[in-house]
Amino acid sequence: MKKITKLVIPVAGLGTRFLPVTKAVPKAMMPILDKPVLQYLLEDALRSGITDVCIVLNHDQDMIRDYFTHKPKLEEKLNERGKNKAIETLNYVIDHMNIHYIYQDEPLGSGHAILLAKDFIGNEPFMVMYGDSFFLGKYPITLELQKAYTQYNCNIIGASEVELQEVNKYGMLILDEGDEDRILGIVEKPALRETPSLLACNGTYILNPSIFKELEKIKKVSDEYLFTDALFRLMRKEEFYVGKTDSVFYDIGNMNGYVKAQQDAYKVLK
Ligand code: UTP
């Protein structure tokens, strides 16, 4: 089984649910305790052997590039003060990962953002993580996805179990009754009584490069090209299995998810 080494993280959305702060700080750079969400995602990916990441950002988000750059003066000062652990934390991702940046000129949706990484990915399976997903758990979420990929050798959608009251916020998986890891479809934000399962898409995927053909064909829905529309198209042609995780998933793109992530991270990581 071929190992997944490439990852795409689209972070170029406007983050309108988090204005005004997203005017200055991209959603993916919001801190959970003392670290930006994006750094957690990249550290997670590194722990499962992903070495090449493409961050799709917008033109107001150059602070992301700046953050993942060596700062010799700061390092020198920290060194003088004996803060070697801090230097290690600052540089771990930069020193071990090739980070590639692509600009999305207009916020035309997650599907449009991911399509921009087509040439970066080439012709191999790859991982996608949304920049506003956060996980707390024992194992890297990227490792759990890779395990599912090794087992099923097909497209994988990362999913986390959520409470029944929460299902109307997520894409909920429709699973095959005879093979409960096999995905038949996704219902977007169903009413509580109508949810097909309690497994919610958590913004992580392993996909065949054939997804790009579908991304090229999808149509705009209220000004955005939706990534899920391309997934629906590919589901008619290829197998999809679920990548289950033991980690707790937080959608930090909404206020409740963000606050809950802070509280839980304080208990677990502090
Ligand atoms: P979301 O819909 O959660 O992010 O997209 P958003 O559009 O920034 O949020 P709101 O609704 O305005 O508050 C899921 C992921 O896709 C990225 C987002 O940055 C997020 O990581 N995205 C979305 C893009 O990269 N480009 C887009 O045009 C839209």
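Residues numbered from 1 in each chain as written. Predicted model: local features only at pLDDT ≥ 70, side-chain atom pairs only at ≥ 80, totals over all residues. Heavy atoms only, no water.

(A) Representation of the packing of aromatic side chains. In total, this model carries eleven aromatic pairs according to the counting rule given. Ring geometry for Tyr67 and Phe68: centres 5.0 Å apart, planes at 85°, overall edge-to-face. Exposure remark for Tyr67: the relative accessible area of 30% places this residue in the partly exposed category. Since its relative accessible area comes to 8%, Phe68 is described here as buried. When the centroid spacing of 4.0 Å and the interplanar angle of 20° are considered together, the rings of Tyr152 and Tyr241 count as stacked. (Phe/Tyr/Trp six-rings, centres within 6.5 Å; stacked < 30°, edge-to-face > 60°. Buried < 20%, exposed > 50% of the residue type's maximum accessible area, 1.4 Å probe, protein only.)

(B) Layout of the packing of helix α4 (residues 72-80) against helix α5 (residues 84-96). In contact at an axis separation of 8 Å, α4 and α5 are set at 155° when each is read in the N-to-C sense. When the interaxial angle is binned, α4 and α5 end up roughly antiparallel. Only Asn84, Ala86, Ile87, Leu90 and Asn91 of α5 make contact with α4, whose side of the interface consists of Leu74, Glu75, Leu78 and Asn79. (Axes fitted to C-alpha atoms, helices over the stretch in contact; angles between N-to-C directions. Helix = DSSP H or I, 4+ residues; strand = E, 2+ residues; numbered from the N terminus. Parallel < 35°, antiparallel > 145°, perpendicular 65-115°, else oblique. Contact = heavy atoms within 4.5 Å.)

(C) Seen up close, the packing of helix α2 (residues 37-47) against α5. Two elements in contact, α2 and α5, have axes whose closest approach is 10 Å; the angle formed by their N-to-C orientations is 55°. When the axis of α2 is compared with that of α5, the two are oblique. Regarding α2 and α5, the two cross each other, and that crossing is left-handed. Together, Gln39, Leu42, Glu43 and Leu46 of α2 and Thr89, Tyr92, Val93 and His96 of α5 make up the contact between the two elements. Across the contact of α2 with α5, the residue classes break down as four nonpolar, three polar and one charged. (Left-handed = near helix turned anticlockwise from the far one by under 90°. Nonpolar A, V, L, I, M, F, W, Y, C, P; charged D, E, K, R; others polar.)

By themselves, these figures tell us nothing about what the structure is for.
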